[in-house]
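Coordinate analysis (summary)
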Amino acid sequence: MLGILKAAATTIRAAFRRPVTVQYPNEKKELPHRSRGFPVLLWDFEKDESFCTGCQVCARYCPVDCMTVTMKDNPKKAEGKSTRKKIVDKFYIDYARCMRCDICVEVCNFDAIVMNNTWEGVELSRYDRQDLVMDLPALQRQSQSGELKDPFREPMGVAHSGWTPKHEEEEEEAAKKEGGEK
Amino acid sequence: MILGLIVDNVVLDALIRLGVIMLLVPVYMVIITWAERKVIGRLHMRLGPMRVGPYGLLQGLADTIKLMTKEDLRPTTADRWVFELAPFAIVVPIIMALVALPFTADILIRNLTLGLFYIVALQGLSIVGFVMAGFGSDNKYALIGGVRAAAQLISYEVPFILSILAVAMVASTLDISAIVGLQGSTPLIAYLPLAFVIFVIAGLAELYRQPFDIPVAESEVVGGPFVEYSGIRWSMFQLGEFVSMVLISILGSLIFLGGWQWPLGGDVPVVGQMALMAVKTTGFILFFMLMRASLPRLRVDQLMAYCWQLLLPFAFLQIIINGLVLAYDWPNWTMTVMSLAALGALLYLTNRAARQSGVTYQPSTASAQRVGSVL
């Protein structure tokens, strides 16, 4: 009997709280930093080229064979603008096959590939399955245009192991500090 | 001139009034489905319909179009006529009951001297439709739902009618307008609180809404009698449900809460009367929605035991109290006091029954251990 009143009071109180609904296509929840969308390539703004050298490690480790990578000689190396001897020529990822296992991110030697942690990494409905095969410009677009503001660079498995990769910038800063103190 | 002719012709007049009601009922149904989804949504901390039109206002219209254009399916093994006529067996009596229901002092179709009796009689007919739907669908869930509906509606019909009978005893008339006329200064709920509570509980069960939605429970019998219905016939069941909800709400505000009379007295203009009725009826409907959002479903044996062991004896108790007060000409307040005391006893026993059916408490006596006993 009292329980009925309590239940009614609870629902009435709930009615005056702010609804939890998010009107999805119009407004979106903020995704977590480690949100694991489909893999995309990162852009090296300093050298104005891709981090990816086309070494094919990711393609060889991919358990579902969704990647195709080719390599070419880096023209910027000849011009002296870059230290990369080789650079990626063609890069295809079939998002329809990809199972978002994060292995490509873990094996990449150049930290060139990340899991997309924006909504664009999951909003991928297409009318044709063929449209889900992404080519190099499509894979680089988000990073190159700056839409991928804060990519989660560390490989997920490594992140959970407690190991943190060395960041050269931080080391430099630390070295500077030490130097300053001395 | 033409208006005068129409008013003079009794049949034509009644037909036009009925036509207006028949047009307004589906419109009202569209509005109230939207309102219910919205209110329940807010009670669940959701938004309710938001997509179709501003704040989802056109959701009801969109649903109507969808239901109208859907295919009208019928299982091959179903009993054709029983299956197809079942929605009509539910909707027609309820709409016929609206004939005798006054909305204000002047806005009504026909005021019958036996109006209360007529409405209760037609309201009880919906059981036939449920049994027809359950039997005709040739589906075990529909059959179980139909049988449950029959058991529940027949059981709760008795305390429901007895609580209305208590009102009729005090008013010594079955004419609803006359009953409302008596309540200019004091609504009848002041004299009959017990009858009012029984009316609301039994009315909730008559409407098979939560927590009494056993016949149509989705998680138990996947919609009960409606399981095989689609499109327009299914929406007729919904129409019947919502119209009978409005019917019981209006009836309750007329016979217990003083209708268009209390608290302003009888001399208010039509707009005031309508506003008064709207407030009271909306109160009932919001209460039904609140109960729907708050309470879990009862078990069948709990439902039956509650009706036969608690509601029915207390409904008779209210009749006996009325009889004593009226026969011996005791002052009016004695009726209020005795009714309130009986209401207290009813609530106490309900509370005890609810505690007994809990997990932690084990009833000690043999009589309390009988399956489904609430006493």
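Everything numeric here is computed off the predicted structure, so don't read it as measured data.

Cut-offs used in this document
- Residues numbered from 1 in each chain as written.
- Chains lettered and ligands numbered in written order.
- Predicted model: local features only at pLDDT ≥ 70, side-chain atom pairs only at ≥ 80, totals over all residues.
- Domains from an automatic or database assignment.
- Contact = placed C-beta atoms within 7 Å.
- Helix = DSSP H or I, 4+ residues; strand = E, 2+ residues; numbered from the N terminus.
- Nonpolar A, V, L, I, M, F, W, Y, C, P; charged D, E, K, R; others polar.
- Core = buried A, V, L, I, M, F, W, Y, C linked by C-beta atoms within 7 Å.
- Buried ≥ 20, exposed ≤ 12 C-beta atoms within 10 Å, placed from the backbone.
- Expected span 1.5 Å × (residues − 1).
- pLDDT = per-residue confidence, 0-100.
- Pairing = 2+ DSSP bridges.
- Axes fitted to C-alpha atoms, helices over the stretch in contact; angles between N-to-C directions.
- Parallel < 35°, antiparallel > 145°, perpendicular 65-115°, else oblique.

1. Describing the domain arrangement of chain B
Residues and elements named next belong to chain B.
- For chain B, the assigned domains are domain 1 (1–69) and domain 2 (74–303).
- Using C-alpha coordinates to define each centre, domain 1 is positioned 18 Å away from domain 2.
- Taken together, the contact pairs 17 residues of domain 1 with 17 residues of domain 2.
- For the side of domain 1 that touches domain 2, the secondary structure elements donating two or more residues are α2 (10–43) and α3 (59–69).
- No other element matches the 14 residues that α2 contributes to the side of domain 1 that touches domain 2.
- Along the lines of polarity and charge, the residues of the side of domain 1 that touches domain 2 split into 13 nonpolar, two polar and two charged.

2. Structural notes on the interface of chain B and chain A
- The interface is formed by 15 residues belonging to chain B together with 14 residues belonging to chain A.
- Elements supplying a minimum of two residues to the side of chain B that touches chain A: α2, α12 (270–294) and α14 (332–356) of chain B.
- With four residues, α14 of chain B is the largest single contributor of residues to the side of chain B that touches chain A.
- Taken together, the residues that form the side of chain B that touches chain A break down as nine nonpolar, four polar and two charged.

3. A few points about the nonpolar core
- Formed by 97 residues in total, the largest nonpolar core has its most connected members in L192 and I198 of chain B.
- It is helix α7 (residues 140–171) of chain B that provides the largest number of residues to this core, a total of twelve residues.
- The residues touching L192 of chain B, leaving out its near neighbours within four places in the chain, are A166, V167, V170, Q318 and S339 of chain B.
- V40, W43, I87 and F91 of chain A belong to the second-largest nonpolar core, a separate cluster that totals 26 residues.

4. Some remarks on helix α9 (residues 193–206) of chain B
Residues and elements named next belong to chain B.
- The end-to-end C-alpha separation of α9 is 19 Å, in line with the 20 Å expected for 14 residues at 1.5 Å each.
- Across the 14 residues of α9, twelve count as buried, placing the element largely inside the fold.
- The set of residues buried in α9 consists of L194, A195, F196, V197, I198, F199, I201, A202, G203, L204, A205 and E206.
- The first or second residue beyond α9 is Y208, which carries a positive phi of 40°.

5. A look at unusual backbone geometry
- Along the chain, Q210 of chain B connects to P211 of chain B via a cis peptide bond; the corresponding omega equals 0°.
- With respect to the helices and strands, the residue P211 of chain B is situated in the loop between α9 and α10 (218–221).
- A positive phi angle, close to 55°, is found at D65 of chain A, a residue other than glycine.
- One non-glycine residue, D138 of chain B, lies in positive phi territory at about 55°.

6. Things to note about the confidence of the model for chain B
All names here are of chain B.
- With 93% of its residues at a pLDDT of 70 or more, chain B shows a mean pLDDT of 84.
- For chain B, per-element mean pLDDT is lowest for helix α15 (residues 366–369), which scores 59, and highest for α9, which scores 91.
- Confidence metrics for the complex model read pTM 0.79 and ipTM 0.71.

7. Some details on the sheet that holds strand β5 (residues 86–94) of chain A
All names here are of chain A.
- Spatially, three strands are ordered β4-β5-β7 in an open sheet, and the strand pairing comes out antiparallel. On the outer flanks of this sheet lie β4 (67–73) and β7 (133–134), each paired with one strand and no other.
- Packed on one face of the sheet, helix α5 (residues 136–145) meets β5 and β7 and runs near 100° to β5.

8. Some points on the packing of α2 of chain B against helix α11 (residues 231–255) of chain B
Residue and element names in this part refer to chain B.
- Contact geometry for α2 and α11: axes closest at 10 Å, N-to-C directions at 85°. Compared by their axis directions, α2 and α11 come out roughly perpendicular. Contacts between α2 and α11 involve V25, P26, M29, I32 and T33 from the former and L239, F242 and V243 from the latter.
- When grouped by side-chain class, the residues that make up the contact of α2 with α11 number seven nonpolar, one polar and no charged.

9. Let's talk about the environment of G124 of chain B
All names here are of chain B.
- Mapping G124 onto the fold places it in the loop between α5 (115–123) and α6 (126–136).
- Here G124 falls in the partly exposed class, since 17 other C-beta atoms lie within 10 Å of it.
- When the C-alpha positions of G124 and E157 are compared, they lie 7.0 Å apart, and in sequence the two are 33 residues distant.

10. Concerning the pairing of β5 of chain A
All names here are of chain A.
- Pairing of β4 with β5, which is carried by seven bridges, proceeds in the antiparallel orientation. Bridging across to β5, T68 finds its partner in Y92.
- Pairing geometry for β5 and β7, over two bridges, is antiparallel. By the bridge assignment for β7, I93 is matched with M134.

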